[in-house]
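Residue-level structural notes
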Amino acid sequence: MQNARTAPTTPTARRTGSAPAAGAVSAHRSPVPRLCRATGLLLVLSGLAHLVVFAVDGGPWDGPVSWRKPVTFGLSFGVTLIAVTWVTSYLGVRPRLRAVLLAVFAADCVVEVGGITLQAWRGVPSHLNMETSFDTAVSMTLAVGGGVLVVLLTAFALAAFFRRPTGPAGMALAVRSGFAVLLVGLASGAAMIARGVVLTRTGHQEAAYHSTAWLKPLHGVSLHAVLVLPLLARLLAFTPWSEAVRRRVVTAAVCCYAAAVAGAGVWAGLTY
């Protein structure tokens, strides 16, 4: 019979000097991350499918009623769901809690893209649309869903800063910076919704539809740092470079991304 000193160890145990925790095994076997990745892929495919619809049907690309919204939201939410599912595997979050948060996040992404897509096929605006009771219900559902996204992603961001993320050289900085920039995107999105709601409630419906253009570049650039920066850190792990060099490359990338966000913020201020 093998004793504790001769028992086989996993790669994780060899790296850490201890056997893997039961939570880690549970997280590995959980179907939730796989379902989230599959859901994200379906959302991406939905965005691409509506790009084909736009090519066939035509119509404006900009404006509150266009095929742009199901395209961009499908792609953006799909990529973000896949990215968050992967990146949170480096966080010190209990496996069951992570699975619950990811499941809610995936469901919320489906609701957001589904509502936007439904309204696009109906030929009416999806956000800030209070024309009918049904439109109001859809618009409010999307607004509430946006609030849920803010809460969930903020929780993951706090986890990234409370406990150092694991992973290859530079991953901790990449994950923390990605979530920090993501919070900027969430704040700009919340500001867009708040301004639009105020205009709608005060009887300026048409102005509400066009009131968010100045913040869209900042919102779009900020959302995907949580994928770009950790992906860079992961790809650098396959290079022969030393850990010190890889950390410097990630640091330079973080600075460049911060400059891009700052530039989008300046543009927003100038065009407000």
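The rules we used
Residues numbered from 1 in each chain as written. Predicted model: local features only at pLDDT ≥ 70, side-chain atom pairs only at ≥ 80, totals over all residues. Heavy atoms only, no water. Phe/Tyr/Trp six-rings, centres within 6.5 Å; stacked < 30°, edge-to-face > 60°. Helix = DSSP H or I, 4+ residues; strand = E, 2+ residues; numbered from the N terminus. Buried < 20%, exposed > 50% of the residue type's maximum accessible area, 1.4 Å probe, protein only. Core = buried A, V, L, I, M, F, W, Y, C linked by side-chain atoms within 4.5 Å. Contact = heavy atoms within 4.5 Å. Polar contact = N/O pair within 3.5 Å; in protein donor to acceptor, adjacent residues only side chain to side chain. Disulfide = S-S within 2.5 Å. Patch = residues over 30% accessible without salt bridge, like charges linked within 9 Å, V, L, I, M, F, W, Y side chains within 5 Å. Areas by Shrake-Rupley, 256 points an atom, 1.4 Å probe, with all protein chains shown as cover. Salt bridge = Lys/Arg side-chain N within 4 Å of Asp/Glu carboxyl O.

1. Here we look at the packing of aromatic side chains
On inspection of all chains with the given rule, the structure shows four aromatic pairs. Between Trp 67 and Trp 121, the aromatic rings sit 4.8 Å apart at their centres with planes inclined by 70°, giving edge-to-face as the arrangement. Of the two residues, Trp 67 sits in the loop between α3 (32–57) and α4 (68–87) while Trp 121 sits in helix α5 (residues 95–122), which places them 54 residues apart along the sequence. Using a relative accessible area of 10% as the deciding quantity, one classes Trp 67 as buried. Both rings, one in Phe 73 and one in Phe 77, keep their centres 6.0 Å apart while their planes meet at 20°; by these two values the pair is stacked. Taken together, the positions of Phe 73 and Phe 77, both in helix α4 and four residues apart, correspond to about one turn of that helix.

2. Comments concerning the nonpolar core
Counting residues in each nonpolar core, the largest one holds 47 residues, and the members touching the most others are Leu 91, Phe 105, Phe 156 and Phe 179. At the level of elements, α3, α4, α5, α6 (133–162), α7 (171–201), α9 (216–223), α10 (225–236) and α11 (243–271) are the ones that each hand at least two residues to this core. For this core, the leading source of residues is α7, giving eight residues. In this view, Phe 156 contacts Val 84, Thr 88, Leu 91, Leu 101, Leu 102 and Phe 179; residues no more than four positions away in its chain are not counted.

3. Description of the side chain of Ser 222
Here Ser 222 shows up in helix α9. A residue is classified by how much of its surface remains accessible, and Ser 222, at 0% relative accessible area, is buried. Among the polar contacts made by the side chain of Ser 222, one reaches the main-chain carbonyl oxygen of Leu 218 at a distance of 2.7 Å.

4. Looking at the state of the cysteines
Counted by the stated rule, this structure contains zero disulfides. Looking at the unpaired Cys 109, the closest cysteine sulfur is the one in Cys 36, lying at 8.6 Å. The thiol of Cys 256 is not disulfide-bonded; the next cysteine sulfur, from Cys 255, is found 7.0 Å away.

5. Some remarks on a nonpolar patch on the surface
Together, Leu 41, Leu 42, Leu 45, Leu 48, Leu 51, Trp 61 and Ile 82 make up an exposed nonpolar region whose accessible area comes to about 610 Å². It is α3 that contributes the most residues to the nonpolar patch, five residues altogether. Along the chain, the position of Leu 41 falls in helix α3. Classification of Leu 41 as partly exposed rests on a relative accessible area of 47%.

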